[in-house]
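Structural overview
If you want the building blocks of each chain, they are given just below.
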Amino acid sequence: NSTDVRGIVDELHSLEAEDEEARRDMQAAEQMKEALNPWRSYDVPLEAIRETKTTKRLFGMLPAPAVASFKSEMESSLPRCAVRAIGAGEAAYIEVIVWRQDMTRFEEIATRFGWTTVEPPAGRGFASALYEETMIRIQQSQQTLQKNAQRRVALSAQLPNLLRVK
(Lines give C-alpha, C1' and ligand atoms only; values in the text may rest on other atoms or scores of the structure.)
Protein backbone atom coordinates (compact mmCIF):
# COMPACT_ATOMS: atom_id res chain seq x y z
CA ASN A 1 0.00 0.00 0.00
CA SER A 2 2.77 2.48 0.88
CA THR A 3 4.61 1.56 -2.32
CA ASP A 4 1.48 2.45 -4.30
CA VAL A 5 1.36 5.85 -2.59
CA ARG A 6 5.08 6.36 -3.25
CA GLY A 7 4.55 5.50 -6.93
CA ILE A 8 1.74 8.04 -7.24
CA VAL A 9 3.79 10.72 -5.48
CA ASP A 10 6.74 10.00 -7.79
CA GLU A 11 4.51 10.22 -10.83
CA LEU A 12 3.07 13.53 -9.59
CA HIS A 13 6.60 14.89 -9.25
CA SER A 14 7.42 13.66 -12.74
CA LEU A 15 4.30 15.38 -14.12
CA GLU A 16 5.30 18.61 -12.39
CA ALA A 17 8.76 18.45 -14.03
CA GLU A 18 7.14 17.84 -17.44
CA ASP A 19 4.80 20.78 -16.84
CA GLU A 20 7.70 23.06 -15.97
CA GLU A 21 9.53 22.06 -19.15
CA ALA A 22 6.36 22.58 -21.23
CA ARG A 23 5.83 26.03 -19.67
CA ARG A 24 9.43 27.04 -20.41
CA ASP A 25 9.16 25.83 -24.00
CA MET A 26 5.82 27.58 -24.43
CA GLN A 27 7.24 30.84 -23.07
CA ALA A 28 10.22 30.64 -25.46
CA ALA A 29 7.89 29.80 -28.35
CA GLU A 30 5.59 32.74 -27.49
CA GLN A 31 8.58 35.08 -27.57
CA MET A 32 9.71 33.65 -30.91
CA LYS A 33 6.16 33.99 -32.25
CA GLU A 34 6.12 37.68 -31.31
CA ALA A 35 9.54 38.20 -32.92
CA LEU A 36 8.57 36.39 -36.14
CA ASN A 37 5.12 37.89 -36.57
CA PRO A 38 6.14 41.14 -38.33
CA TRP A 39 8.43 39.19 -40.67
CA ARG A 40 5.90 36.59 -41.84
CA SER A 41 5.47 38.23 -45.25
CA TYR A 42 9.25 38.51 -45.80
CA ASP A 43 9.92 36.15 -48.72
CA VAL A 44 13.67 35.76 -48.24
CA PRO A 45 15.24 33.19 -45.90
CA LEU A 46 16.22 34.81 -42.61
CA GLU A 47 19.81 33.60 -42.97
CA ALA A 48 20.22 35.20 -46.43
CA ILE A 49 23.51 36.96 -47.10
CA ARG A 50 23.57 40.36 -45.43
CA GLU A 51 26.51 41.88 -47.23
CA THR A 52 28.82 41.49 -50.16
CA LYS A 53 31.96 43.35 -51.14
CA THR A 54 29.84 46.07 -52.70
CA THR A 55 26.43 46.06 -50.95
CA LYS A 56 24.79 45.83 -47.54
CA ARG A 57 21.32 44.53 -46.70
CA LEU A 58 19.92 46.58 -43.81
CA PHE A 59 16.74 46.27 -41.81
CA GLY A 60 14.99 48.99 -39.91
CA MET A 61 11.72 50.41 -38.73
CA LEU A 62 10.04 53.62 -39.75
CA PRO A 63 6.76 55.18 -38.72
CA ALA A 64 4.21 53.87 -41.25
CA PRO A 65 3.26 57.34 -42.55
CA ALA A 66 6.92 58.00 -43.46
CA VAL A 67 7.45 54.89 -45.59
CA ALA A 68 6.28 56.23 -48.96
CA SER A 69 8.30 59.45 -48.61
CA PHE A 70 11.36 57.53 -47.43
CA LYS A 71 11.13 55.12 -50.36
CA SER A 72 10.68 57.98 -52.83
CA GLU A 73 13.65 59.90 -51.47
CA MET A 74 15.86 56.81 -51.38
CA GLU A 75 15.01 55.96 -54.98
CA SER A 76 15.64 59.50 -56.22
CA SER A 77 18.81 60.11 -54.15
CA LEU A 78 20.26 56.61 -54.41
CA PRO A 79 18.83 55.06 -57.59
CA ARG A 80 20.89 51.87 -57.21
CA CYS A 81 19.38 51.01 -53.82
CA ALA A 82 16.40 48.73 -53.28
CA VAL A 83 13.78 49.55 -50.64
CA ARG A 84 10.98 47.25 -49.55
CA ALA A 85 8.41 47.48 -46.77
CA ILE A 86 7.75 44.26 -44.83
CA GLY A 87 4.40 43.90 -43.13
CA ALA A 88 2.21 46.76 -41.97
CA GLY A 89 1.15 48.49 -38.80
CA GLU A 90 1.96 51.67 -36.92
CA ALA A 91 5.63 51.05 -37.60
CA ALA A 92 6.80 49.39 -40.80
CA TYR A 93 9.76 47.09 -41.10
CA ILE A 94 11.96 48.06 -44.03
CA GLU A 95 14.61 46.17 -45.98
CA VAL A 96 17.17 48.26 -47.83
CA ILE A 97 19.95 47.02 -50.07
CA VAL A 98 22.45 49.82 -50.51
CA TRP A 99 25.85 50.11 -52.13
CA ARG A 100 28.65 50.52 -49.60
CA GLN A 101 29.82 53.73 -51.25
CA ASP A 102 26.32 55.16 -50.66
CA MET A 103 26.17 54.34 -46.93
CA THR A 104 26.81 57.90 -45.73
CA ARG A 105 23.97 59.27 -47.86
CA PHE A 106 21.71 56.40 -46.79
CA GLU A 107 22.41 57.14 -43.11
CA GLU A 108 21.59 60.83 -43.62
CA ILE A 109 18.24 60.03 -45.24
CA ALA A 110 17.40 57.23 -42.80
CA THR A 111 18.14 59.43 -39.78
CA ARG A 112 15.96 62.23 -41.11
CA PHE A 113 13.01 59.84 -41.48
CA GLY A 114 13.37 58.29 -38.02
CA TRP A 115 15.01 55.00 -39.03
CA THR A 116 15.64 52.55 -36.22
CA THR A 117 17.92 49.65 -37.11
CA VAL A 118 16.47 46.22 -36.29
CA GLU A 119 17.55 42.64 -36.85
CA PRO A 120 15.18 39.97 -38.08
CA PRO A 121 14.79 37.08 -35.66
CA ALA A 122 17.49 34.44 -35.77
CA GLY A 123 16.58 31.32 -37.64
CA ARG A 124 17.08 29.34 -40.79
CA GLY A 125 14.40 29.42 -43.43
CA PHE A 126 11.43 31.63 -44.10
CA ALA A 127 9.83 33.51 -41.23
CA SER A 128 6.37 32.25 -42.24
CA ALA A 129 7.46 28.60 -41.95
CA LEU A 130 9.28 29.24 -38.67
CA TYR A 131 6.15 30.98 -37.36
CA GLU A 132 4.03 27.91 -38.19
CA GLU A 133 6.58 25.62 -36.50
CA THR A 134 6.48 27.88 -33.45
CA MET A 135 2.68 27.71 -33.33
CA ILE A 136 2.91 23.90 -33.40
CA ARG A 137 5.37 24.00 -30.47
CA ILE A 138 2.93 26.14 -28.51
CA GLN A 139 0.07 23.72 -29.23
CA GLN A 140 2.21 20.73 -28.23
CA SER A 141 3.11 22.40 -24.94
CA GLN A 142 -0.55 23.19 -24.27
CA GLN A 143 -1.49 19.57 -25.01
CA THR A 144 1.20 18.32 -22.61
CA LEU A 145 -0.14 20.58 -19.86
CA GLN A 146 -3.72 19.41 -20.48
CA LYS A 147 -2.75 15.73 -20.57
CA ASN A 148 -0.75 16.09 -17.36
CA ALA A 149 -3.62 17.92 -15.63
CA GLN A 150 -5.97 15.06 -16.51
CA ARG A 151 -3.47 12.48 -15.28
CA ARG A 152 -2.97 14.47 -12.06
CA VAL A 153 -6.74 14.44 -11.42
CA ALA A 154 -6.85 10.66 -11.94
CA LEU A 155 -3.89 10.11 -9.59
CA SER A 156 -5.37 12.41 -6.96
CA ALA A 157 -8.60 10.38 -7.04
CA GLN A 158 -6.61 7.21 -6.30
CA LEU A 159 -4.75 8.61 -3.29
CA PRO A 160 -7.61 8.69 -0.76
CA ASN A 161 -8.38 5.02 -1.41
CA LEU A 162 -4.75 4.05 -0.86
CA LEU A 163 -4.41 6.08 2.33
CA ARG A 164 -7.48 4.54 4.03
CA VAL A 165 -6.56 2.43 7.02
CA LYS A 166 -8.27 -0.93 7.03
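We now turn to the structure provided with this report. Just so you know, these numbers come straight off a predicted model, no measurement behind them.

What counts as what
Residues numbered from 1 in each chain as written. Predicted model: local features only at pLDDT ≥ 70, side-chain atom pairs only at ≥ 80, totals over all residues. Heavy atoms only, no water. Helix = DSSP H or I, 4+ residues; strand = E, 2+ residues; numbered from the N terminus. Rg over C-alpha atoms; globule rule 2.2 N^0.38 Å. Buried < 20%, exposed > 50% of the residue type's maximum accessible area, 1.4 Å probe, protein only. Contact = heavy atoms within 4.5 Å. Areas by Shrake-Rupley, 256 points an atom, 1.4 Å probe, with all protein chains shown as cover. Salt bridge = Lys/Arg side-chain N within 4 Å of Asp/Glu carboxyl O. Pairing = 2+ DSSP bridges. Axes fitted to C-alpha atoms, helices over the stretch in contact; angles between N-to-C directions.

A tally of regular secondary structure across the chain gives 4 helices and 4 strands. Starting at the N terminus, the α and β elements of the chain follow one another as α-β-α-β-β-α-β-α. Computed over the C-alpha atoms, the radius of gyration of the chain is 26 Å, more than 25% above the 15 Å expected from 2.2 N^0.38 for a compact globule of 166 residues. Principal-axis analysis of the C-alpha atoms places the extent of the chain at approximately 90 × 35 × 20 Å. In the chain, which comprises 166 residues, the share counted as buried stands at 34%. By sequence separation, contacts in the chain at least 24 residues apart represent 79% of the contacts at least 6 residues apart. Carbon and sulfur atoms make up 53% of the accessible area of the chain, which totals about 10,300 Å².

What follows is about the pattern of salt bridges. Between side chains of opposite charge, a pair can form when the charged atoms approach closely. Summed over the entire model, instances satisfying the criterion amount to 19 salt bridges. Two residues, Arg152 and Glu16, come together in a salt bridge whose shortest N-O distance is 3.9 Å. Taken together, the residues Arg152 in helix 4 (residues 127-163) and Glu16 in helix 1 (residues 2-36) connect sequence positions 136 residues apart. Exposure remark for Glu16: the relative accessible area of 38% places this residue in the partly exposed category. Between Asp25 and Arg137 there is a salt bridge, with the nearest N and O atoms lying 2.8 Å from each other.

What follows is about the sheet that holds strand 2 (residues 82-86). If you trace the 4 strands from one edge of the open sheet to the other, you get 2-3-1-4, paired in antiparallel fashion. Edge strands, defined here as strands with exactly one partner in the open sheet, are strand 2 and strand 4 (116-117). Bridge count between strand 2 and strand 3 (residues 91-99): 5 bridges; the pairing is antiparallel. Bridging from a neighbouring strand, Val83 pairs with Val96 of strand 3. Helix 2 (residues 67-77) contacts strand 1 (55-63), strand 2 and strand 3 of the sheet and is inclined by roughly 5° relative to strand 3. Against the sheet, helix 3 (residues 103-112) contacts strand 1 and strand 3, and its axis sits at roughly 160° relative to strand 3.

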